[in-house]
Structures are given as C-alpha cells and as structure tokens.
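# Coordinate inspection notes
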Amino acid sequence: MGFLGMKFLSAWVFLLVMTSLGEQSKGETCRFTFFSSLVRLLPCRPSVAPFRAIPPTEACCKAVKTLGQPCLCVLVNGPPIAGVDRDLAMLLPEKCNANFDPCELMK
C-alpha cells in the first residue's frame, strides 16, 4: 500500500473512532475525546491488565466515575487497546461502586 493509501486508511480509522464518540448511552454522550478518555483512565491500567489484574485503586474509581458510562463504553467498544482486557474493563463500574450500569461489549 502506497503513502496515499496509508494516509487514507489512517484518516478513515480516525473518522471511525471520532464518530463512535457520538454514540449515545441512555441519552448521554461522551464529553471527552477518545484519547482524553484513555488518558484519564491510566490509573486503571493495573486493574485491566490481562493475567495480573489487581483491584481498582481510589484514583481509578474516581476516573471511572468522572468519565461515566458513555465514555467508558466508547473505550470498551472502540479499537483494541494493547494490554487491556475488555472484560475486566467492563467490570470497573461494579468494582468501583459507580452509579451506572456496566457497558455491553459489542462484537
């Protein structure tokens, strides 16, 4: 694939990710960008790591509650994220006693 083909593919993937941010969950939309949401959830990384997950920290739970369900669902259903177990990520709201339902994984 040539340079222009790769540039088109990159632009298409970016557009796909950005349009998925507009998905609604129970009437709400994510108010953060995909990457901003991802950065905000960095404290949760140890809790969603495959094979060695640990219970979420207070900082992780605060991040989950701040983001809310729409943003968490966008991340869970978005492009694969290296080192993140989506099943564990979907359990974060329950583990953090967040006041929203967990995300449904779209396959």
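Rules used in this analysis
Residues numbered from 1 in each chain as written. Predicted model: local features only at pLDDT ≥ 70, side-chain atom pairs only at ≥ 80, totals over all residues. Heavy atoms only, no water. Helix = DSSP H or I, 4+ residues; strand = E, 2+ residues; numbered from the N terminus. Contact = heavy atoms within 4.5 Å. Areas by Shrake-Rupley, 256 points an atom, 1.4 Å probe, with all protein chains shown as cover. pLDDT = per-residue confidence, 0-100. Buried < 20%, exposed > 50% of the residue type's maximum accessible area, 1.4 Å probe, protein only. Expected span 1.5 Å × (residues − 1). Bend = angle between axes of the 7 residues up to and from the residue. Core = buried A, V, L, I, M, F, W, Y, C linked by side-chain atoms within 4.5 Å. Phe/Tyr/Trp six-rings, centres within 6.5 Å; stacked < 30°, edge-to-face > 60°.

## Quick notes on the overall build of the protein
- A count of helical and extended segments in the protein gives five helices and zero strands.
- Secondary structure elements of the protein, listed N to C terminal, follow the sequence α-α-α-α-α.
- Across the protein, the fraction of contacts at a sequence separation of at least 24, relative to all contacts at a separation of at least 6, is 60%.
- Summing over all exposed atoms, the protein offers an accessible surface of approximately 7,100 Å²; the carbon and sulfur share of this is 63%.

## Focus on the confidence of the model for the protein
- A residue-level look at the protein finds 72% of positions with pLDDT of 70 or above and a mean pLDDT of 77.
- For the stretch residues 3-26, pLDDT sits under 50, and the model shows 20 contacts to residues farther than four places along the chain or on other chains.

## Observations regarding unusual backbone geometry
- Positive phi is not limited to glycine here, since Phe51 has a value of about 75°.
- The topology assignment puts Phe51 in the loop between α2 (34-40) and α3 (58-77).
- If you check the backbone angles, Asn97 has positive phi at about 55° while not being a glycine.
- Here Asn97 is to be found in the segment after α5 (92-95).
- Its relative accessible area of 65% is what places Asn97 among the exposed residues.

## Describing α3
- End to end, α3 covers just 24 Å across 20 residues, shorter than the expected 28 Å (1.5 Å per residue, more than 12% under).
- Of all the bends in α3, the greatest reaches close to 105° and is centred on Gly68; the proline Pro70 follows between one and four positions later.
- A large share of α3 lies buried, amounting to 14 of its 20 residues.

## Topic: the nonpolar core
- Residues Leu41, Cys44, Val64, Leu67, Leu72 and Leu92 are the most contacted members of the largest nonpolar core, which totals 25 residues.
- Mapped by element, the contributors of at least two residues to this core are α3 and α4 (86-90).
- Once you skip the residues sitting within four places of it in the chain, Leu92 turns out to touch Cys44, Ser47, Val48, Pro56, Cys60 and Val64.

## Some remarks on the side chain of Ser37
- In this fold, Ser37 is placed in helix α2.
- In contact with Ser37, not counting residues within four places along its chain, are Cys30, Phe32, Leu67, Cys71 and Leu75.

## A look at the packing of aromatic side chains
- Tallied over the entire structure, the rule returns one aromatic pair.
- Each ring, one from Phe34 and one from Phe35, has its centre 5.3 Å from the other, and the planes form 85°; the classification is edge-to-face.

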